[in-house]
Amino acid sequence: MTTDETTPGRNWAKNHTYRAAVLHRPTSVAELQEVVAAAPRIRALGSRHCFNDIADSDALVSLEALPDVVEVDDAAGTVRVSGGTRYGTLAGRLHPLGWAVHNLASLPHISVAGAVATATHGSGDRSGNLASAVRGLELVRSDGELVTLTADDADLAGAVVHLGALGVVTAVTLEIEPTYDVAQEVRTGLPWEAALEHLDEITASADSVSLFTDWRGDAVGQVWRKMRVPAGTGDEAAGGAAQAVGTGGRAGVGTAADVRHFGALAAEAEMHPLAGVDPRSTTAQRGVPGPWHERLPHFRMEFTPSHGDELQSEYLVPREHAPAALRAVRAMGDRVAPLLLVSEVRTIAADDLWLSTAYGRESVGIHFTWKSLEPEVVALLPALEDALAPFAARPHWGKVFADRDRALAGLYPRMGDFRALVERMDPRGAFRNDYLERHVLT
Ligand SMILES: Cc1cc2nc3c(=O)[nH]c(=O)nc-3n(C[C@H](O)[C@H](O)[C@H](O)COP(=O)(O)OP(=O)(O)OC[C@H]3O[C@@H](n4cnc5c(N)ncnc54)[C@H](O)[C@@H]3O)c2cc1C
C-alpha cells in the first residue's frame with residue numbers, strides 16, 4: 001500500500017468518533033482506485049462537517065492529499081472541480097476569472113463533494129441547493145472503475161445527492177455564471193406575527209434571506225438579507241461604508257421604497273447570529289457590497305464558523321406549510337430554547353434530484369444550532385419531529401435527526417429508484433454503512 005494511512009479521529013463537531021480503523025489519503029486517482037477496489041467496506045470522508053455517522057465505515061478515504069483542480073470551461077459556463085476542494089478555495093479561484101456559483105452555504109469550509117452529497121443549501125427563493133448546480137460527476141465505483149456521469153445520463157438526477165452510497169467522487173462539474181457582487185444587511189425587531197403572515201413577501205425581498213430566532217418573545221431575532229448588485233460595485237465601494245441601509249443607497253439592500261420591512265430596523269453595527277459572539281468571524285454587513293463569496297456565506301473562511309461547540313438539526317418543509325410549521329415549533333419554544341444557541345429559517349428552490357431535501361417542492365428550512373448537549377437534544381428530537389411530521393418535514397441528511405419510525409422513505413418518491421441505482425453501481429455493497437441501512441436502504 002503506497003497511500004498514507006492513519007486513523008480518522010472525530011468529526012468537526014466532535015460528537016462522532018469515526019469507528020473506521022483506517023483513513024487512507026491517496027495522492028493520485030490511480031491510488032484511490034486501488035484503495036477502493038481492495039476494501040471490503042469503505043466510504044469517502046469530506047471535510048467532516050456532518051453531525052452524524054453518515055460518512056462512517058470500516059475504512060475511510062480522504063481526498064485531501066490530491067491536488068485542488070479547478071478547470072473553467074468558458075464556452076460551456078461550467079467548472080470542473082476536484083471533489084475534496086472546499087467551496088472557499090473554489091470561490092477564490094473562480095472570482096478572479098470572472099465567474100461565480102449561484103449560491104453558497106453558511107460556511108465556505110465544506111468540501112464540494114461532501115456538500116453536494118447531502119444536498120447542502122444556502123437561502124434564496126429562486127436558488128436551488130448546491131447540488132442543483134451539478135452538471136456532471138466523476139466517481140470511483142466499488143470495482144475501482146472511474147466512471148463519468150454527464151447531464152445526458154438518465155442516472156445523474158439520482159446520483160447527485162448520493163449520501164456517499166455510489167462511489168468516491170473525484171470531480172464535480174458545476175454550472176457557473178458571471179461573477180457578481182452582493183450587499184448584505186441585518187435587521188432586528190421583525191414582529192413574529194408579521195413574519196408568519198408575510199413570510200413570502202419577506203423572503204422575496206432579497207436574493208437570499210435568513211431569519212435567526214430563539215423562538216421566544218414577540219420578535220424574530222435577526223433578518224439577514226443578501227442582495228445581488230452588479231459586479232464591481234463592491235470594488236468602487238471598498239473602504240467606504242457609505243452604503244447607508246434604508247436610505248435607498250446604490251447597494252440596493254436598503255431600497256426601502258420597494259421593500260417593506262414590517263417595522264424591522266437596520267442594525268447599526270455588524271452582528272453575529274449568536275448573541276454575545278464576536279462578529280469579526282461574520283461576513284461584511286451594513287449594505288457594503290463585496291464579491292459574492294465574501295457575502296453569501298455568513299462566516300469567513302479564516303475563522304471558526306458558527307459557534308464551534310454545537311450540534312445542528314434541520315427540517316425542510318414545503319413552502320406552503322411553512323407558517324404552520326413555524327407556529328408548531330414556536331409552540332414548543334419553552335422546550336426548544338433552553339437547548340438552543342440559535343435557529344435559522346431559509347428558503348430553497350425546488351429541484352429534481354431524487355434524494356434532495358428540496359425534491360419536487362419549494363422549501364423552507366427550519367434549522368437548529370443546538371448547545372453541545374447531545375443527550376438532551378436527542379431526547380427532544382422525537383417530539384420536534386412529531387410536531388413537524390404533519391408537514392412532511394425532511395431532515396437534513398448531514399445533521400442530527402431521530403427518524404425513529406424509519407419514515408424517511410415515504411418522504412422521497414424516488415427512493416425505490418435510488419435503491420436500485422445503489423444495487424447497480426455498488427453490487428458488492430462496499431459503500432453501505434449503518435446510516436444507510438437505518439435510513440435509506442431498508
Ligand atoms: C458550522 C456548520 C455550518 C453548516 N452550514 C450549513 C448550511 O448553511 N447549509 C447546509 O445545508 N448545511 C450546512 N452544514 C452541514 C454541512 O454542509 C453538510 O453536513 C455537508 O455535507 C458537509 O460536507 P463535508 O465535506 O464536511 O462532508 P462529510 O461530513 O465529510 O461527509 C458527508 C457525506 O458526503 C460523503 N462524501 C464526502 N466526500 C465525498 C466524496 N469525495 N465522494 C463521495 N462521497 C463523499 C461522505 O461519505 C458522507 O456521506 C453546516 C455544518 C457545519 C459544521
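Residues numbered from 1 in each chain as written. Predicted model: local features only at pLDDT ≥ 70, side-chain atom pairs only at ≥ 80, totals over all residues. Heavy atoms only, no water.

Below, the discussion takes up the site of the ligand. What surrounds the ligand is a group of 37 residues, the closest being Ala-44, Gly-46, His-49, Ser-111 and Thr-118. At a separation of 2.7 Å, an oxygen atom of the ligand approaches a polar backbone atom of Gly-46. A distance of 2.8 Å separates an oxygen atom of the ligand from a polar backbone atom of Ser-106. When the ligand sits alone it has 980 Å² of accessible area, and the protein chains cover 99% of it. If you tally residues by element for the shell around the ligand, the top one is helix 3 (residues 112-117), at 4 residues. Residues of the shell around the ligand, tallied by class, amount to 18 nonpolar, 15 polar and 4 charged. Composition of the shell around the ligand by domain shows at least three residues from each of domain 1 (4-62) and domain 2 (70-178). (Near = heavy atom within 4 Å. Polar contact = N/O pair within 3.5 Å; in protein donor to acceptor, adjacent residues only side chain to side chain. Areas by Shrake-Rupley, 256 points an atom, 1.4 Å probe, with all protein chains shown as cover. Helix = DSSP H or I, 4+ residues; strand = E, 2+ residues; numbered from the N terminus. Nonpolar A, V, L, I, M, F, W, Y, C, P; charged D, E, K, R; others polar. Domains from an automatic or database assignment.)

Another aspect to go through is the pairing of strand 8 (residues 134-140). Of all 7 residues making up strand 8, 6 are buried, and the element is well covered by its neighbours. Of the strand pairs in this sheet, strand 8 and strand 10 (residues 168-175) are connected by 6 bridges, and their pairing is antiparallel. Looking at the pairing, Val-140 lines up with Val-168 of strand 10. The pairing of strand 8 with strand 9 (residues 146-150) spans 5 bridges and is classified as antiparallel. From the neighbouring strand, Val-140 faces strand 9, where its bridge partner is Leu-146. With antiparallel pairing between neighbouring strands as the criterion, strand 8 and strand 9 make up a hairpin whose turn holds 5 residues, including Gly-144 at a positive phi of roughly 90 degrees. (Buried < 20%, exposed > 50% of the residue type's maximum accessible area, 1.4 Å probe, protein only. Pairing = 2+ DSSP bridges.)

Turning next to the sheet that holds strand 3 (residues 42-45). Taken together, 4 strands build an open sheet; the order of strands is 1-2-4-3 and the sheet is mixed. Pairing within the sheet leaves two strands with one partner each, and these edge strands are strand 1 (4-6) and strand 3. This sheet shows a mean twist of 30 degrees between the axes of neighbouring strands, independent of strand direction. Inspection of the sheet shows strand 2 (residues 22-25) paired to strand 4 (residues 59-62) by 3 bridges, in the parallel sense. Note on strand 4: the bridge partner recorded for Leu-23 is Leu-60. (Axes fitted to C-alpha atoms, helices over the stretch in contact; angles between N-to-C directions.)

Glancing now at the packing of aromatic side chains. The final tally for this structure, using the stated rule, is 9 aromatic pairs. Residues Tyr-180 and Trp-292 carry aromatic rings whose centres are separated by 6.3 Å and whose planes lie at 40 degrees to one another, so their mutual orientation is tilted. Remark: Trp-292 occurs in the loop between strand 16 (290-291) and strand 17 (310-318) and Tyr-180 occurs in the loop between strand 11 (177-178) and strand 12 (181-191); sequence separation between them is 112 residues. On the accessibility criterion, Tyr-180 (6% relative accessible area) is buried. The exposure class of Trp-292 is buried, given its relative accessible area of 0%. With a centroid separation of 6.2 Å and an interplanar angle of 85 degrees, the aromatic rings of Phe-401 and Tyr-435 are classed as edge-to-face. Of this pair, Phe-401 sits in the loop between strand 20 (394-395) and helix 11 (415-425) while Tyr-435 sits in helix 12 (residues 434-439), and the two are 34 residues apart along the sequence. Its relative accessible area of 12% is what places Phe-401 among the buried residues. By way of ring pairs, the aromatic residues Trp-192, Trp-215, Tyr-315, Phe-368 and Trp-370 are connected into one cluster. Above the face of the Tyr-180 ring, Arg-228 is positioned so that its terminal group lies 3.6 Å from the ring centre. (Phe/Tyr/Trp six-rings, centres within 6.5 Å; stacked < 30°, edge-to-face > 60°. Lys NZ or Arg CZ within 6 Å of the ring centre and 35° of its normal.)

Bringing unusual backbone geometry into the picture now. Positive phi, close to 55 degrees, is recorded for Leu-163, a residue that is not glycine. By relative accessible area, Leu-163 is classed as buried at 2%. The phi dihedral of Arg-286 falls on the positive side, at around 55 degrees, and the residue is not glycine.

Once that is clear, we can look at the domain arrangement of the chain. In terms of domains, the chain is made up of domain 1 (4-62), domain 2 (70-178) and domain 3 (181-294). In this assembly, 13 residues from domain 2 lie in contact with 11 residues from domain 3. Interface of domain 2 and domain 3: buried area, both sides summed, is about 940 Å²; carbon and sulfur atoms make up 48% of it. When the area that domain 2 buries against domain 3 is broken down by residue, the three leading residues are His-95, Ser-123 and Asp-125, summing to 46%. Run the count over domain 2 and domain 3 and you get 2 salt bridges. The salt bridge partner of Arg-228 is Glu-177, with a shortest N-O separation of 2.6 Å. Going through the elements one at a time, helix 2 (87-94) and strand 7 (99-100) are the ones with two or more residues in the side of domain 2 that touches domain 3. Here the residues of the side of domain 2 that touches domain 3 sort into 6 nonpolar, 4 polar and 3 charged. (Contact = heavy atoms within 4.5 Å. Buried area = accessible area lost by both parts, 1.4 Å probe. Salt bridge = Lys/Arg side-chain N within 4 Å of Asp/Glu carboxyl O.)

Attention now goes to the side chain of Thr-85. For Thr-85, the position within the fold is in the loop between strand 6 (78-82) and helix 2. Thr-85 sits in the buried class, given a relative accessible area of 0%. Within polar-contact distance, the side chain of Thr-85 engages the side chain of Ser-82 at 2.6 Å. Non-local contacts of Thr-85, meaning those with residues more than four positions away in its chain, are made with Asp-68, Val-69, Leu-90, Ile-110, Ser-111 and Val-112.

The next subject is the sheet that holds strand 5 (residues 70-73). Pairing within the open sheet is antiparallel, and its 5 strands lie in the order 5-6-10-8-9. Both edges of this open sheet fall to strand 5 and strand 9, since each of them pairs with a single strand only. In this sheet, adjacent strand axes meet at a mean angle of 15 degrees when their direction is disregarded. Bridge analysis of strand 6 against strand 10 gives 5 bridges, and the strand direction is antiparallel. Considered in strand 10, the bridge of Val-81 is made with Val-172. Its contacts with the sheet put helix 1 (residues 29-38) on strand 8, strand 9 and strand 10, and the angle it makes with strand 10 is roughly 130 degrees.

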